[in-house]
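Residue strings, one per chain:
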Amino acid sequence: MASLKLMFDGKVQKEIQLDKETITLGRKPDNDIPIDNLAVSGHHARILTILNDSFVEDMNSTNGTYVNDTLIKKHALKHGDVIKIGKHELRYINEAASNTDQFEKTMILRPDAAGMKEEEGDKEIEQSVNKIAREIASADSGVKTAAVNARIRLVNGANAGKELPLTKILTTLGKPGVQVAAITRRPAGYFLIHVDGGAGQGRPRVNDREIGIQAHPLNSNDVIEVAGVKMTFFLE
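### Quick notes on the sheet that holds strand E18 (residues 209-210)
Piece 1. If you trace the 6 strands from one edge of the open sheet to the other, you get E13-E12-E21-E20-E17-E18, paired in antiparallel fashion. Each edge of the open sheet is held by one strand with a lone partner, namely strand E13 (163-165) and E18.
Piece 2. Taken together, the 2 bridges between strand E17 (residues 205-206) and strand E20 (residues 223-226) define a ladder with antiparallel strand orientation. Bridge pairing in E20 places Arg205 opposite Glu225.

This is the structure we're talking about:
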């Protein structure tokens, strides 16, 4: 499991396990990692972890977030990276992290979209998901992935009946601000993971059952529901 070592003046203060999908950092005490320093914004940054990969995103902080002394907005973390927030540093520890530089783009399917196309909106969650999808790569570099002859067919909504081939390592689905999920292609097959959701939305559903925290394996003819849109998964 990936972790962060929180350091100040070169001394390790504590080690934090990245055991949640989203971990927030900031000066306010409601953060998962509170950092009591005036140079740190109330909600300064967050760490998003999907399977073996983690990403840091600055949350419009006053003084910015740095990775290896470079100012970033969003960044895919690699083992040994040093995140600097104010006068504190956090060293990212994850020897199982992806090392490949070949990233995949994504597609977000919105229930109100006129057609199936890639959306570039100005909502924070939509920007975050798009960036993650461009940066994420298979955590199993060098291992043959599952067959690529998979697709989804929309069951309801404006695009009912249309199909999308799943040719990417990561394909995101849903509506930013409501519910967002992702289908990932791994060596062991295809999996559905929960990325983000609005208040009270819960997690995506497969065959009318809400999925858990872990990646949910998909079988052919499974019915997926994300943000009120149902789609059937096919694997050939």
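There's more to say after this.
### Some details on the nonpolar core
Piece 1. Leu4, Ile33, Ile47, Val56, Ile83 and Leu90 are the most contacted members of the largest nonpolar core, which totals 20 residues.
Piece 2. Counting only elements with at least two residues in this core, the list comes to strand E1 (3-8), strand E3 (22-26), strand E5 (45-50), strand E10 (82-85) and strand E11 (88-93).

### Regarding the sheet that holds strand E8 (residues 70-72)
Piece 1. Reading across the sheet, the 6 strands line up as E2-E1-E11-E10-E7-E8 and stay open at both edges, with antiparallel pairing between neighbours. Where the open sheet ends on each side, the last strands, each with one partner, are strand E2 (11-17) and E8. For this sheet the average axis-to-axis angle between neighbouring strands, irrespective of direction, equals 30°.
Piece 2. For strand E7 (residues 65-67) and E8, the ladder comprises 3 bridges, and the chain directions are antiparallel. Each bridged residue has a counterpart across the sheet, and for Val67 the counterpart in E8 is Thr70.

### What about the environment of Lys84?
Piece 1. Inspection of the secondary structure puts Lys84 in strand E10.
Piece 2. For the pair Lys84 and Tyr66, spaced 18 residues apart in sequence, the C-alpha separation works out to 5.0 Å.
Piece 3. When near neighbours in sequence (up to four residues on either side) are disregarded, Lys84 contacts Gly64, Thr65, Tyr66 and Glu89.

### Focus on the environment of Asp81
Piece 1. Note on placement: Asp81 falls in the loop between strand E9 (74-76) and E10.
Piece 2. Between the C-alpha atoms of Asp81 and Asn94, which are 13 residues apart in sequence, the distance is 9.6 Å.
Piece 3. Residues contacting Asp81, with those up to four places away along its chain left out, are Val67, Asn68, His75, Ala76, Leu90, Arg91 and Tyr92.
Piece 4. Separated by 2.9 Å, the side chains of Asp81 and Asn68 make a polar contact.

Conventions and cut-offs
Residues numbered from 1 in each chain as written. Predicted model: local features only at pLDDT ≥ 70, side-chain atom pairs only at ≥ 80, totals over all residues. Heavy atoms only, no water. Pairing = 2+ DSSP bridges. Helix = DSSP H or I, 4+ residues; strand = E, 2+ residues; numbered from the N terminus. Core = buried A, V, L, I, M, F, W, Y, C linked by side-chain atoms within 4.5 Å. Buried < 20%, exposed > 50% of the residue type's maximum accessible area, 1.4 Å probe, protein only. Axes fitted to C-alpha atoms, helices over the stretch in contact; angles between N-to-C directions. Contact = heavy atoms within 4.5 Å. Polar contact = N/O pair within 3.5 Å; in protein donor to acceptor, adjacent residues only side chain to side chain.

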